[in-house]
Amino acid sequence: MSRNTDLTVGSPSKVLLKFSLPLLISVAFQQFYNIADSIIAGKLIENGENALAAIGASYPVTMLFIAVATGVSAGCSVVASNLFGSHNFTKLKTSITTSFIFVGILSLILTVTGAIACEPIITALNTPQNIYSDSCIYLNIYILGLPFLFFYNVSNGIFASFGDSKTPLYLLIMSSVGNIILDIVTVVCFKMGISGIAWSTFVAQGFSAVLAFILLIVRLHRLECSEKPALFSGNMLKKILSVAIPSVLQQSFVSVGNLFIQGIINDFGSSAIAGYSAAIKLNTFLVTCIATMSNGLSGFTAQNIGAGKHDRIPKGFKSSVIISLLISTCTTLLYLLLGNELIGVFMESPDGKAISIGYDFLLIVSPFYFTVTTKLNCDAIFKGSGAMTLFMITTFSDLVLRVALAFIFSGTLGMGLIGVWWSWPIGWGVSAAISAIFYISGVWKKHIKSF
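Residues numbered from 1 in each chain as written. Predicted model: local features only at pLDDT ≥ 70, side-chain atom pairs only at ≥ 80, totals over all residues. Heavy atoms only, no water.

Q: Mind showing me how you'd approach the overall build of the protein here?
A: Each helix and strand in the protein was counted, giving 14 helices and zero strands. Projected onto its principal axes, the C-alpha positions of the protein cover 65 × 50 × 35 Å. The proportion of buried residues among the 451 residues of the protein is 59%. Contacts in the protein between residues far apart in sequence, at least 24 positions, make up 83% of those at least 6 positions apart. Carbon and sulfur atoms form 70% of the exposed surface of the protein, whose accessible area is close to 17,400 Å². Distance between charge centres in the protein, computed from 25 positive and 18 negative side chains, equals 18 Å. (Helix = DSSP H or I, 4+ residues; strand = E, 2+ residues; numbered from the N terminus. Buried < 20%, exposed > 50% of the residue type's maximum accessible area, 1.4 Å probe, protein only. Contact = heavy atoms within 4.5 Å. Areas by Shrake-Rupley, 256 points an atom, 1.4 Å probe, with all protein chains shown as cover. Lys, Arg positive; Asp, Glu negative; His and termini not counted. Charge placed at Lys NZ, Arg CZ, Asp CG, Glu CD.)

Q: It is not clear to me how helix H11 (residues 353–365) should be interpreted in this structure. Could you clarify?
A: Three- or four-residue spacings in an α-helix give side chains the same orientation, since the helix completes a turn every 3.6 residues. With 13 residues, H11 extends 19 Å from end C-alpha to end C-alpha; this agrees with the ideal 18 Å at 1.5 Å per step. Of the positions making up H11, those classed as buried are Ala-354, Ile-355, Ile-357, Gly-358, Tyr-359, Phe-361, Leu-362, Ile-364 and Val-365. Along its buried surface, H11 packs onto helix H9 (270–306), helix H10 (313–345), helix H12 (369–385) and helix H14 (417–441). (Expected span 1.5 Å × (residues − 1).)

Q: Is there a simple way to think about the state of the cysteines in this case?
A: Disulfide: a covalent bond formed between the sulfur atoms of two cysteine residues. Taken as a whole and judged by the stated rule, the model has zero disulfides. Free cysteine: Cys-136, not disulfide-bonded; nearest cysteine sulfur from Cys-118 at 5.0 Å. No disulfide involves Cys-225; its nearest neighbouring cysteine sulfur is the one of Cys-76, lying 18 Å away. A residue is classified by how much of its surface remains accessible, and Cys-225, at 28% relative accessible area, is partly exposed. (Disulfide = S-S within 2.5 Å.)

Spelled out as structure tokens, the structure:
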């Protein structure tokens, strides 16, 4: 039975909540197994703090690849959502096959490029020698799985464009549980160390990617078309890229900015890297949850624009903001009250310096989660309506300010790591203010387009 859902009918708040809840649970499982990787590395591998630091040092690089995959997925999803909303199934199928041909070529290019550039990047980040080798091992194995990463993300993005948020949930639950089991088997039973963590992710992600692609092909066969869809369309690729390129640039520049910040943190030694690695995983958990909620809002916006029901968009925005603020408020309280304990879960030695460093990050950053929540929901409207210029302006203002302040506060003003942590809330606050002005003024409505 098809799980496709029309987001253009019914109460916007109820429809959006029903659609977004499985997405939120999905990302919770995704982040859960990412955190589990770090916990297993920190607790079960010999010299766990170094193992955790090695994953942490590789993290900004892996996030760069994830950023490209997520950006491309956003382009495919927004175009597909718009066409699904207008019930143009012939063009919808063409957009999907075009997406996969493009993604297949792109992922292979990035795999080769990543394999060549892996060690130079690790070196350029000033990675300490005691974790250099493990960082390279982890990253090289991760790069081999890039085609799986891209196909998995695009498949889930297209499921979401159909209003189906349950299939991605089931796939993520299966992938997460499988990954954790493989982590334990490879680390505890086969003593594979950091390579076991990496290969576990490779296998679990590969299996899920293949299954997601097969399920999507089956779903497409059920959609009846008035004529035979083209396998590839240059014009359709341009439409996809009109959303994907700004999304990729946004995601990639943020990841590149994080690389600069990681370079600053690496200068403070492996304890700082381990503490930051644990804290940034917790931070990413919240930000990814809100970003997932906003992705649901983007799909809602695109479908309703395709159906010509623009009046439903503000109602969906209001509902998404309320839900997102509830999530961010609860997370802020959790991190403030139990931050030390949560950071300690990752550590082999709970009383170490790394815990104090990680908790300082949470103490400074988490009270400002409401700002990034505001920004991401406004950005969702911009993406769903095709207002990508506004989307890029708000993102780049955050990135440039955050990276510049990290260097100024930590170095020029001599604030050290505390200065780096303060660059987050200031960057978020400025970009959130710009996003809110763009949304409230209604300037985004001038950019609305159908595909």
